[in-house]
Structure formats: C-alpha cells, structure tokens
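Listed below are the residues making up each chain.
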Amino acid sequence: MATDALKSQVGAKWQESFHRLNGDALGISGLMSFSEAWEISMQYLHPRDINTVGADADGRLYGPAFNLIVQCRKLPTLLESFLDDMRKNFHLIENEISQYMALYELEKSPEQLQSLVARLMEWYKAWAPPTELGPTLSTAYTLNFQTRLFSSLPPSFAHGFKELCTSLLAPSENGSSEDGTLTIQRWDPNARAHTGLWKIFEALGLIDRYESVIASVGYEFIEDHVLKNCTGEWAKPMMDDLRMWMTNNVVPWMVHIYAREAATPEEAKSMLQGVGSRFDFHINKTLCDLRTKEIFDIIIDYPDSAGALLDLRDCLQRVDQRENLVKTLRKANRKRLLHPGAETKLILQQYVATIKCLRIVDPPGVLLFKVADPIRRYLRERPDTIRSIVANLVGDDDSGDSLVDENEPIQPLQQPELEDYSDPNWEPEPIDAGPEFRTNKPSDVISTLVSIYDSKDLFVKELQVLLAQRLLAITKDNSDRVERERRNIEILKIRFGEAALQVCEVMLKDMTDSKRIDGHVQSQKNSVLHPTIISRHFWPALESSDMVMPGQFQTLQEGYAHEFTVFKPDKKLKWLPHLGTVQLEVELEDRTLKVDVPPLEAAFIELFSQKTVWTLEELIAAVGSVARSAALKALSTWVDYGVLKEDPENTFILLERAEEGGSGTRERDPSRLAADVPENPPLMNVQEQQAEQMRVYWKFIEGMLTNLGTLPLDRIQTMLKFAPGYDRSIEQLAAFMEAARREGLVVVRDGIWRLNK
C-alpha cells in the first residue's frame, strides 16, 4: 500500500502537469486544446512518402499548435515521437537507395550517384521540421537523419561517391583548345550548379563523412597531372609550374570543400592554409617519387637534366624520402651498372656523373657517401680501373667522354682532413649520416677517383706503365708526341706532386737523349736502324724474349752497337728485338712489296733469302725460342700477302712469282694488319708486376711456414716487412695467400696458415 506521503507527492505532480496542460481554462477545455494541437503537430511532422503525398498542409493550422506545445514544455516529447516515426518510415528512403545503387552497379555511371544524392536531399527537406521550432529540433533531426542514412548506404557507395567527385574535377569533355587538346575545367566558387551540389553534400553530411575519399580524389588528380607532364621532362624545374597549375585548377575545387563557409577571400585563404599545405606536400611527394624512379636516367642525361635535380633537391627538403632515394639508386646501379657486361670506363663516367648530380641534390654529401660506396668497392675489384682513370688523365681515352671537366681548375690531390672543432663556421654532421661518414670540403673529381684506393702510388705506377707504352710507340713520323707527353706530365705534377713523377721525367729525358744519340751515330755511320735507347732501371719491366734477328738485321744491330760503344764507352746496348716495327721492301721476281711488319715477321722473311723452303720447326730454331702460335701468326701474314705458300702443312715455300688466281693478287685486310702491329709495346701492367714480385716473396713465406709450422696472417705480414722492398698491405697479402690456397700450396684453418704437405 502507498503511504500518505507518496500519495501526496503523486497528487502534487498530477496537479502540476494538469495545470501546465490545461492552463487557466475552465474544466478540461485547455487539456482538449492541447490534445488537438498535439494531433495537428504529429500529423504535420509525420514522415510521409514523397512519392504519394499531396500538397503541404496549411501552415496556419500547425503554427498555433506548435506554439501551444512549446508553451506546455512538451517539445522534447514531440521530438522523441517524431524521431521514432522517422525510424519506422526510413525504409522508404532505404528502398530508393537500393534502386539507385542497383542502377549504378549496372551502368557504372556517376550520374546515378548524383541523382541519388539529389533524391536524398528531397527526402531530407521533406521530412525536416520547420525552423520555427528552433535549432534544437533541427539539429537533432539532422544528426538522426545522417546517422540512419550512413548506416543504410552500401559499401559500394564510397567508390561511387569517389567517382562522382572525380568527375567534378576531371577535364571537361566539351571544352577543348584550338589544337584539339582537352582543357581543364576552371571552377568558379560562385558557379550555381557546383555550389548547389557541394551544399547538398554538406547538408547530408557527406563531406565530413567521406573527407578522406574527397582528399584522395584531389591527390590522384595531382598525381595524374604530375606523371603526364613531368615524366621525362628534366631540362627545367617543374615545381613552380605545378604550384601555379594547382592554384588555377585545384584550389577553386578545394574552396567548395574546405572553405565553403568563407565570406571573403582572406577568410577562404586562412581556412585553406592547413589543407593547402597537405596538398602542396603531396605535390612534392609525387614529384619526388617520380624523380627517384628516374634518377638513374637523370644521372645519365646530366647536365641536360639539371632541372630535375633542382626539383629533387627542393622536394627532399619537404619530404623525407632520402633513404628511398639511396635504396632506389643503389638497386639501379646493381642492376644496370655494376655487372661484368659494363665497361670500366662507362662505370667511371656514371660514377663521375653521380658525384656531380648528388652534390646538387645534397651538398653535405651524405647521399653520395651512401650511394658511392658499392660503386667504389666494385671499381676497386676491377683490374683495369686504374688504367682507365690514368688513360683519361693523359688524354689517351679515344671515346671522347672525358671524366674531367675542361673548365674545372687543375689542383693537387686533396687528402682527407681532420675536423677543426675550433672553426667558428664548423657545422655538425647531418642527422642521417652514418658512423663512417666524414664531412670534408668537396674535392675535385680526380681526387675522388684516386681516393677509391688507399694510396696514390698505384696510380703513379700505372701512369709510368702507360707513359712507357706511349713513348715506345712513337715513331720518327710522330716524334712531336714527346713534347705532348711532356706537357701532360707537367699538368699531372700539379695533381700528384714533383717527387711522384720523377721516374716519368727520366723516361722523357731518355727519349730526348735517345734521339740525340741516334743523331750522333747516324753522323758517324749512316744506318737504317733507329732504336729507342732507355735506362733499364727507370722504366717499367718489359716482357723478355730469346728472339734473335738473323742475317742483315743482326749485322745492322752489331754495327749500331759498335758506334754506340765508341760514343758511350761506359755503357752497353741490350737489344729487345721482339719490340718495334720494321719497314720492309720485299723484292721478288715479278713484284715489289712495301710493308710495315713486326720484327718476327721481318726475321722470317729474311730467312727465306737464304733458301726458299723452310719447315716451321726450322724457322723457330733459326730465330730463337718463340711461341709456336706466334710463329704461325707471323707466317700467316706473308701467306696473306701471297709471298709464302704453306704446302704441305707446316712447310712454307717462297713464291718468287705470284700464282695465277692465287693469293698473290689479294690485298691484305687492314684490320688484320693493325692486329699484327701492336699499338702498345708489351709491358707488364701494375697487377702483373705485383704478382711477379709476390712470387719472389713466396720463398720467404715458404721458409717461415717450413721453420715455424703454422702462422696467422698478421704474423706473416710482420715478418715480411723485413724483406727488402716489401710494401704490400695485409689485404693484398690475404689475396695472395688465398690464391696460393687455391693452387694447393697452403691450407688455412681458423685463420692459421700452414704448408700443404
């Protein structure tokens, strides 16, 4: 049973409610008026099917009814009933959504989505409560309508809505320029059609709901424009043009979305500041990704691609893509450059271009340090790298592509410098620099190439070999080349220093003295022999030979040597008869041949002046010990000229008269003649000289391991330093020991070496 207090409280509430609804009216007339007003309001607000509803009810009826409900403070109850009715009737909207989406799935046309959005706006307006009821009811209705709408839209609507937004930003199908190309549709923020459509999106909450989708439309539009207009266009920077294009074509579109409530241009600019920064970032990222993808070809095309490098430099300051650039370029280098099919000079050219390009992109040199390391290690392993660099230094590269810029001043090789922390202009290393990176002043290209190796001595030795080959290849017809080589050496002295090129000075002096000595000998006794006389101790090792020139050639050598001894009593000539070129005039019964041939060919044809038939073994025995293959090649020269005939095999006959229809009338293939006369004398290169010297040190190593049993590599290196002339690094010793292991001379286990017994 209820207590008296509870009954009293309920009664008071009842009286209060009755008074609020009935007011000061007599009896229950006020309550009847409220009931009638409630019925009119619910009937007016009831969500109807807009496909069947007639004309709107008379506003004069619901106006007083709403006012009465507001006075009675029953507006929240009315709102709750209205929203419940909307929930029960929302299936009408869901049915139309299904119909329009089915048409869209069938036609794949954004126009169906545009019609759907317009239809949804009609439902939204038809069900919206009058504004006279205040913002509370309108806000609650909008929130409830949007919530139920979003839950009713299928997943495919997002894709269709993206296509609809894309169509609003796409090139106009009807607008074309005079040359027939499509023109970008220019968006006017005040254009009625577009403004109305975006206002519909805003009213339905689609802009906030699908903000990421709308942004992706802008991003993809930017990406498409950048790829179409910037791919392969490297001559000039493109970033300023891209920003101008964005201002004219993308920003007006952005105003509808992100600055739709702006009243003045200044207010619109302020509202677009944040999102504009995001779109500008995306332009930088897209262009940076494109240039990163093209970076290998951009480097190949340098300096014509300087504009793309400036774009990449500016983009990297805004976008954190430095690591991606390094990975992409290193991968491209491994695939397209660092493989056996690429010539060393091409790798060097690409490396030099990489140095120049990455200095533009990243002046501190961190990117260059990371990218260049694999190239430097690969070049260090190639046997002809030093020769290619030195050949380019002395102008011996016939490709026409010089590694050194002619406008670059000649300066001494720069050595790594220790950082001076007391320097007021000192700057710390970049944050992405590795532990091995050292900040140095940008050095010239030659200093960078020489730094591939630990010491410049290898370059100096290779320079001596190359200079020796070039000097020994000089004939009396091009004797002016000596002065040209002298000028080259003077230039190289600036880079490598006077002391390093003293041996080269001796070689040049030998060439001058040789010409002077030959002139004196010719004045005493005229001779057709013009030898080049060199100082054996200052020239690179020449390949030795036991060849002996027969007949008149030997007589000429002996006569010249006698006159030389008279002129230089304290010196003696040692002939290298397998080097040089012989100008011959071969007189036969029916013809005379004038040819330039190597000494071995001249020696063989001289022997045929003694008898007309020789076997291969007799010819080899007559000129000393020469390789059988070299002898056959030399004899084939005269067979091609039609002077000799091989019949039977390995037996050669002199043809005093040319055979009819035979080879006597054939002209010699110029390419084969060029192959017979070597352009460079056979000098040992640096690697061959080092290998020959290491064979001498093998005796020391063999003695150590014989007496001490087993030794680690560092102990062997320490003991070898006591050997005369030993100047190898431990890495070179390790490579030599590994070669000895492959030959079965030694074995190694846990870093300990011993002889293979």
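Note that this is a predicted model, so its numbers are computed, not measured.

*Asks:* Let's hear about the overall build of the protein chain: which residues, and what values?
*Replies:* For the protein chain, the helix and strand inventory stands at 32 helices and eight strands. Per-residue burial over the protein chain gives 41% buried out of 757 residues. For the protein chain, the exposed surface amounts to about 42,700 Å²; the carbon and sulfur share of it is 52%.

*Asks:* Before we move on, can you summarise the sheet that holds strand S3 (residues 613-615) with the specific residues and values?
*Replies:* Taken in spatial order, the three strands make up an open sheet running S3-S5-S4, and their pairing is antiparallel. The two strands at the open ends of the sheet, each matched to only one other strand, are S3 and strand S4 (644-646). Neighbour-to-neighbour, the strand axes of this sheet turn through a mean angle of 25°, independent of strand direction. The pairing of S3 with strand S5 (residues 651-654) spans three bridges and is classified as antiparallel. Within S5, the position partnered with Val-613 by the bridge is Ile-653. Helix H27 (residues 616-623) rests against S3 and S5 of the sheet, and its axis sits at about 85° to S3.

*Asks:* Residue-level account of the packing of aromatic side chains, with values.
*Replies:* Taken as a whole and assessed by the stated rule, the structure comprises 17 aromatic pairs. On the numbers, 6.2 Å between centres and 70° between planes, the contact of Phe-90 with Trp-127 is edge-to-face. Placement of Phe-90 in the loop between helix H4 (75-89) and helix H5 (91-107) and of Trp-127 in helix H6 (residues 110-127) is noted, with a sequence separation of 37 residues between them. The exposure classification of Phe-90 matches that of Trp-127, with both residues buried.

*Asks:* For the pairing of strand S1 (residues 582-587), give the residues involved together with the corresponding values.
*Replies:* Burial along S1 is one-sided: the residues Val-582, Leu-584 and Val-586 are buried and none of Gln-583, Glu-585 and Glu-587 is. Bridge count for S1 against strand S2 (residues 592-597) is six bridges, and the pairing is antiparallel. Paired with Gln-583 across the bridge in S2 is Asp-596. Hairpin connection from S1 to S2: four residues lie between these consecutive antiparallel strands.

*Asks:* Any chance you could break down the pattern of salt bridges for me, citing the residues and the numbers?
*Replies:* According to the stated counting rule, one finds 29 salt bridges in the structure shown. When the shortest N-O distance is used, the salt bridge between Asp-84 and Arg-87 registers 2.7 Å. Within this pair, Asp-84 and its partner Arg-87 are both found in helix H4, separated by three residues, close to a single helical turn. Residue class for Asp-84 comes out partly exposed when judged on its relative accessible area of 27%. Overall, the relative accessible area of 40% leaves Arg-87 in the partly exposed class. A salt bridge links Glu-498 to Lys-493, with the shortest nitrogen-to-oxygen separation between them at 3.6 Å.

*Asks:* Account for the state of the cysteines, naming residues and giving values.
*Replies:* Among covalent bonds in proteins, the disulfide is the one between the sulfur atoms of two cysteines. Counted by the stated rule, this structure contains zero disulfides. The thiol of Cys-230 is unpaired, and the distance to the nearest cysteine sulfur, on Cys-315, comes to 9.5 Å. The class for Cys-230 is buried, based on a relative accessible area of 0%.

*Asks:* Explain the nonpolar core residue by residue, including any values.
*Replies:* By size, the foremost hydrophobic cluster in this structure holds 133 residues, and its most contacted members are Phe-145, Phe-201, Leu-204 and Trp-253. Per element, the largest residue contribution to this core is nine residues, and it comes from helix H18 (residues 344-361). Setting aside anything within four residues of it in sequence, one finds Phe-145 in contact with Met-86, Phe-90, Ile-93, Leu-120, Trp-123, Tyr-124, Trp-127 and Leu-204. Counting residues in each nonpolar core, the second largest holds 32 residues, with Phe-553, Phe-604, Leu-607 and Trp-638 among its members.

*Asks:* Go over the packing of helix H26 (residues 599-607) against helix H28 (residues 628-641), please, and point to the residues and values.
*Replies:* Where H26 meets H28, the closest approach of the two axes is 9 Å, and the angle between their N-to-C directions is 70°. Accordingly, the angle class assigned to the pair H26 and H28 is roughly perpendicular. The interaxial crossing formed by H26 with H28 has right-handed handedness. Contacts between H26 and H28 involve Leu-600, Glu-601, Phe-604 and Ile-605 from the first element and Ala-630, Ala-631, Ala-634, Leu-635, Thr-637 and Trp-638 from the second. Considered class by class, the residues forming the contact of H26 with H28 number eight nonpolar, one polar and one charged.

*Asks:* Please give an account of the confidence of the model for the protein chain that cites residues and values.
*Replies:* Mean pLDDT over the protein chain works out to 78, with 76% of the residues at or above the 70 mark. Of all helices and strands in the protein chain, the one with the weakest mean pLDDT is helix H29 (residues 670-676) (43), whereas helix H15 (residues 295-301) scores best (93). Segment residues 171-193 is flagged for pLDDT under 50; beyond a separation of four residues in sequence, or across chains, it makes 33 contacts in the model. Throughout residues 662-679 the model reports pLDDT below 50, and contacts reaching past four residues in sequence, or to other chains, amount to 29 contacts.

*Asks:* Lay out the sheet that holds strand S7 (residues 746-749) with the relevant residues and their values.
*Replies:* Pairing in this open sheet of three strands is antiparallel, and the strands run S6-S8-S7 from one edge to the other. On the outer flanks of this sheet lie strand S6 (710-712) and S7, each paired with one strand and no other. Going from strand to strand, the sheet's axes swing by 30° on average, the running direction of each strand aside. On top of the sheet, helix H32 (residues 730-742) reaches S7 and strand S8 (752-755); it is set at about 115° to S7, its chief contact.

*Asks:* Just give me the short version of unusual backbone geometry, but keep the residues and values in it.
*Replies:* Here the residue pair Tyr-302 and Pro-303 is connected by a cis peptide bond, since its omega of 10° sits within 30 degrees of zero. Between Asp-647 and the following residue, Pro-648, the backbone shows a cis peptide bond with an omega angle of -5°. One non-glycine residue, Asn-650, lies in the positive phi region at around 65°.

*Asks:* Hey, could you go over the packing of H5 against H6 for me, with residue numbers and the actual values?
*Replies:* Relative to each other, H5 and H6 sit at 170°, their axes nearing to 9 Å. Here H6 runs roughly antiparallel to H5, going by the angle between their axes. Contact with H5, carried on its side by Leu-92, Ile-93, Glu-96, Ile-97, Tyr-100, Met-101, Leu-103, Tyr-104 and Glu-107, involves Gln-112, Leu-113, Ser-115, Leu-116, Arg-119, Leu-120, Trp-123 and Trp-127 of H6 and no other residues of that element. Grouping the amino acids of the contact of H5 with H6 by side-chain chemistry returns twelve nonpolar, two polar and three charged.

How each quantity is defined
Each chain carries its own residue numbering, running from 1 in the written order of its sequence. A pLDDT threshold of at least 70 governs which residues receive local features in this predicted model, and a stricter bar of 80 or more applies before side-chain atom pairs are shown or counted, although totals over entire chains, interfaces and linings include all residues. Only heavy atoms go into the side-chain values, all of them from the structure, while hydrogens and water stay out. Put simply, DSSP H or I for four residues or longer makes a helix, DSSP E for two residues or longer makes a strand, and each gets a number counted from the N terminus. Under the scheme applied here, a residue whose accessible area is under 20% of the maximum for its type counts as buried, over 50% as exposed, and between as partly exposed, the area being computed with a 1.4 Å probe on protein chains only. Per-residue accessibility takes into account occlusion by the displayed protein chains alone, with areas from the Shrake-Rupley method and a 1.4 Å probe. Pairing between strands is defined by DSSP: at least two bridges between the two strands are required. Only the stretch in contact is used when a helix axis is fitted, and all axes are lines through C-alpha atoms; the angle between N-to-C directions ranges over 0 to 180 degrees. When checking whether two residues touch, look at their non-hydrogen atoms; a contact exists if any pair is within 4.5 Å. Two aromatic rings, drawn from Phe, Tyr or Trp (for Trp, its six-membered ring), form a pair once their centres lie within 6.5 Å of each other, and the interplanar angle then sorts them: stacked below 30 degrees, edge-to-face above 60, tilted otherwise. By definition, a salt bridge exists where a carboxyl oxygen of Asp or Glu is found within 4 Å of a side-chain nitrogen of Lys or Arg. When two cysteine sulfur atoms are found within 2.5 Å, that pair is recorded as a disulfide. What we call a nonpolar core is a set of buried Ala, Val, Leu, Ile, Met, Phe, Trp, Tyr and Cys residues that are connected through their side-chain atoms within 4.5 Å. Any angle that is under 35 degrees is reported as roughly parallel, and any over 145 degrees as roughly antiparallel; angles of 65 to 115 degrees are reported as roughly perpendicular and all others as oblique. What makes a crossing left-handed is the near helix being turned counterclockwise from the far one by less than a right angle; a clockwise turn instead makes it right-handed. Think of it as three bins: nonpolar holds Ala, Val, Leu, Ile, Met, Phe, Trp, Tyr, Cys and Pro, charged holds Asp, Glu, Lys and Arg, and polar takes everything else, Gly as well. By definition, pLDDT measures how confident the predictor is in each residue, and it falls between 0 and 100.

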